[in-house]
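So the chains spell out like this:
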Amino acid sequence: MRIYAVCVYVFLYTPIAIIALFSFSAGRSASQLEGLSVQWYGRALNNPFVMDALGNSLFVAFVSATLASVLGTLAAVGLQGIRGPARALFDALIYIAVMIPGIVIGIATLIALVTVFGVVNPWLEAFWPGSAPAPTLRMGMGSLIAAHTMFTLALVIIIVRARLAGLEGALTEASADLYATPLGTFRQITLPLIAPAILAGFLLSFTFSFDDFIIAFFVAGSETTLPIYIFSSIRRGITPEVNAIGTMVMGASLIMLVVAQLILRRGQKR
Amino acid sequence: MTKVAETFSVDGYPRESAKAVPGAVAELRGVSKSYGDVQAVRHFDLAIAPGEFLSFLGPSGCGKTTALRMLAGFEAPSAGTVLIDGKDVSGLAAYQRPVNMVFQSYALFPHLTVGQNIAYGLKQQRPKLPLAGINDKVQRVLETVRLADFKDRRIWEMSGGQQQRVALARAIVNEPKLLLLDEPLAALDRKLRKEMQIELQDLQRQLGITFVLVTHDQEEALSLSDRICVMRAGEIVQVGTPRELYDQPKSRYVADFVGTSNFFDGKIIAVNGGTGQISLSDGRSYRAFLSDAIPVGETACVSVRPEQIRMSDTQSSEALEVTIQNRIFLGEHTEYLVRHARLGNIAVMAPRQSDGRLDTLQKGDTAWVHWNPEAALILRND
Ligand SMILES: Nc1ncnc2c1ncn2[C@@H]1O[C@H](COP(=O)(O)OP(=O)(O)OP(=O)(O)O)[C@@H](O)[C@H]1O
Ligand SMILES: [Mg+2]
């Protein structure tokens, strides 16, 4: 049993460790260690394509995580007021939403957006006022943000819901009893108490969006995010530079996840 | 301390109602509340006098909390009106009502300090109160509940009894018209509960705020209240001072719930003004005061409090012959459980005697008990 467990961990982490190790290679080969250096990190950070993709990734991750946190929190608070079968249905739908594979979301979003664009674009063209050419809706940053927001929304709802459920109902009643309006209660009592959950939800959403390749691959159009860049450069052969980028992404994601966990834990202690 | 009416301001406080009971600080008028099939509160008619300490007393599930929550504004009555200060508040939400509640779980805000918790209600007032005034009031109320040094503590750094006092302070600092307390002492251990009962009573006298307390602890209700409202299954059974309820219960239920008593079942054979004649299962008929109008022929019971029963080791004409079943020494009193052949078990509370003659009685010994007719009461059997 113990050997089995060890094997599992070896299988899981050896490739990751190798990538991290080889990213420090001094040579040109991605599969042979020829001395140690950080030159590939320098190369990656000086590569304008990498930096461009990184910028896109950060932007998409930030915007979609922000949207998901705000909308998700509102949805969770709204769902709190619903009881009975309707509530069970909503809960089930949210859990299902998290479990749907990325590829399904990617394809579904792609088809949905293409269909919508196909309907809307001719209308835009026909009714666009003035002489300037009408804008056309197409795949790109916007569609990517929309798709990521949609997927991570469910994550935020689940996390915030769990925290809300743990809150004592009497607290909001006590606030109302002490003359706070419903909005005042939300601002002064509910929001501060669920803040750790919202922050954790934000960090998880950010990490998800930042790491996502599958959905982005379908809906990003001509835009390049970091995972898409890595994917396309791998097709030209794996270099220590790709390893370095991968290691950095992994490091950043790990830090975010750990921070999110810490925030959630601390929040629960209170 | 300033008058409540001067300091309190709530938006949209409603107009005078047509016919309010004069002087009542709050009133439940024909109030009912049902949850689906469950009738939690039925036809409540109750006026609460300003400055009084009123308790709702009744077994679990009888609707005490529901009645309180309708006063606070957390539940809307299914029928009837709630009046506060003579005004119909049925349309007002909890945050618009000049009442405050002390929750059984305290419901202190965990992310705020003790001082911030107490200032919370004052900070919600519009127009805004000056900060200095708020701090002043918080400091004074902290002194009142003897927590002056705890202002900047976090809630979870406080003991159960201290949290209880913070919850109390958070409510009374607003000088409400009505302070509602839902089993506020239930979570405390026995000793602390006794201390807090005394503090509560002192506080109420000192502040002159009307207290409405929910409890299922009859001792607590008896020792604290000016008036007790005894409830059963959502209905008011009897309202009165602790003494009235103890000495003149209107039904067997009240006599049983307030204090302890011996009940002997029988049938009314004659009624004469305030007294009645009842025949008991021992074949004899007894004369006693009638607690309520009970028609002849009705089954009823005679209630005699244990301390009203005299016991002796010598026979006398009026006395009933009993056998000693059990004896519990309680210091000033000794509690005996004795058995009569026909009437069954009888509890007797005998004061300490100088000659100590009763002390020699052992289990199985024969003794004689009797009570004055004035001490007995004929009660309805419900
Ligand atoms: N929100 C609710 N939904 C449905 N039924 C309720 C609700 N609140 C109370 N009840 C029912 O109403 C009745 C009275 O409840 P209430 O809480 O007022 O009793 P209580 O006298 O305070 O009891 P306890 O001493 O146990 O606190 C009970 O039968 C209870 O089950
Ligand atoms: Mg209750």
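Everything below is about the structure shown above.
Bear in mind that the values here come from a model prediction, so they are computed numbers and not experimental data.

So, how was this worked out
Residues numbered from 1 in each chain as written. Chains lettered and ligands numbered in written order. Predicted model: local features only at pLDDT ≥ 70, side-chain atom pairs only at ≥ 80, totals over all residues. Heavy atoms only, no water. Patch = residues over 30% accessible without salt bridge, like charges linked within 9 Å, V, L, I, M, F, W, Y side chains within 5 Å. Areas by Shrake-Rupley, 256 points an atom, 1.4 Å probe, with all protein chains shown as cover. Salt bridge = Lys/Arg side-chain N within 4 Å of Asp/Glu carboxyl O. Helix = DSSP H or I, 4+ residues; strand = E, 2+ residues; numbered from the N terminus. Buried < 20%, exposed > 50% of the residue type's maximum accessible area, 1.4 Å probe, protein only. Pairing = 2+ DSSP bridges. Axes fitted to C-alpha atoms, helices over the stretch in contact; angles between N-to-C directions. Near = heavy atom within 4 Å. Polar contact = N/O pair within 3.5 Å; in protein donor to acceptor, adjacent residues only side chain to side chain. Nonpolar A, V, L, I, M, F, W, Y, C, P; charged D, E, K, R; others polar. Contact = heavy atoms within 4.5 Å. Buried area = accessible area lost by both parts, 1.4 Å probe. Parallel < 35°, antiparallel > 145°, perpendicular 65-115°, else oblique. Left-handed = near helix turned anticlockwise from the far one by under 90°.

Is there a simple way to think about a nonpolar patch on the surface in this case?
Residue and element names in this part refer to chain A. A contiguous nonpolar patch, built from Leu89, Leu93, Tyr95, Ile96, Met99, Ile100, Ile103, Val104, Ile107, Ile111 and Ile214 and spanning about 1000 Å² of accessible area, is present on the exposed surface. Elements represented by at least two residues in the nonpolar patch include exactly α4 (85-99) and α5 (102-127). Here the nonpolar patch gets 5 residues from one element, more than from any other, and that element is α4. Here valine 104 lies in helix α5. Residue class for valine 104 comes out partly exposed when judged on its relative accessible area of 43%.

Sorry if this is basic, but what is going on with the sheet that holds strand β11 (residues 262-272) of chain B here?
Strand pairing in a sheet is mediated by backbone hydrogen bonds. Such pairs are either parallel or antiparallel. Residue and element names in this part refer to chain B. Strand order in this closed barrel of 5 strands is β11-β12-β13-β20-β14, and the pairing throughout is mixed. With direction set aside, neighbouring strand axes in the sheet form an average angle of 55 degrees. Where strand β14 (residues 299-304) and strand β20 (residues 377-380) come together, 4 bridges link them in antiparallel fashion. The residue of β20 that forms the bridge with alanine 300 is arginine 380.

How should the site of ligand 1 be read in this particular structure?
Residues and elements named next belong to chain B. The immediate surroundings of ligand 1 are formed by 13 residues, with Ser60, Gly61, Lys64, Thr65 and Thr66 found nearest. A distance of 3.2 Å separates an oxygen atom of ligand 1 from a polar atom in the backbone of cysteine 62. Between ligand 1 and the protein, one listed contact pairs an oxygen atom with a side-chain N or O atom of glutamate 183 at 3.4 Å. With the chains in place, 60% of the 630 Å² that ligand 1 exposes on its own is no longer accessible. At the level of elements, β2 (38-48) and α2 (64-72) are the ones that each hand at least two residues to the shell around ligand 1. By residue number, the principal contributor to the shell around ligand 1 is α2, which donates 3 residues. A per-class count over the shell around ligand 1 returns 5 nonpolar, 6 polar and 2 charged.

Help me understand the interface of chain B and chain A in this model?
Where interface size is quoted, it is often the accessible area lost as the parts come together. In this assembly, 24 residues from chain B lie in contact with 20 residues from chain A. It is Tyr95, His111 and Tyr120 of chain B that lose the most area in chain B upon contact with chain A, and together they represent 32% of the buried surface on that side. On inspection of chain B and its partner chain A, the count reaches 1 salt bridge. Salt-bridge contacts for arginine 69 of chain B lead to glutamate 173 of chain A; the nearest nitrogen and oxygen are separated by 2.7 Å. At the junction of chain B and chain A, the tally comes to 8 residue pairs in polar contact (both at pLDDT 80 or more). Looking at the side of chain B that touches chain A, the elements with two or more residues in it are α2, β6 (99-102) and α3 (114-123) of chain B. Top element by residues in the side of chain B that touches chain A is β6 of chain B. It accounts for 3 residues. Split by residue class, the side of chain B that touches chain A holds 14 nonpolar, 7 polar and 3 charged.

I would appreciate a short explanation of unusual backbone geometry in the present structure.
Residues other than glycine predominantly adopt negative phi, and peptide bonds predominantly adopt the trans conformation. Residue and element names in this part refer to chain B. Arginine 126 connects to proline 127 through a cis peptide bond whose omega is -5 degrees. Along the polypeptide, proline 127 turns up in the loop between α3 and α4 (131-144). For aspartate 85, which is not glycine, the phi dihedral falls at a positive 60 degrees. Structurally, aspartate 85 is set in the loop between β4 (79-84) and β5 (87-88). Its identity is not glycine, yet tyrosine 106 carries a phi of approximately 70 degrees, on the positive side. With respect to the helices and strands, tyrosine 106 occurs in the loop between β6 and α3.

Help me understand the packing of helix α3 (residues 48-80) of chain A against helix α6 (residues 141-166) of chain A, please; the structure alone is not making it clear to me.
Geometry of a packed helix pair, given as the angle between the helix axes and the separation of the axes. Residues and elements named next belong to chain A. Two numbers describe how α3 lies on α6: the axes approach to 6 Å, and their chain directions differ by 40 degrees. Taken together, the axis directions place α3 and α6 in an arrangement best described as oblique. At the point where α3 passes α6, the crossing takes the right-handed sense.

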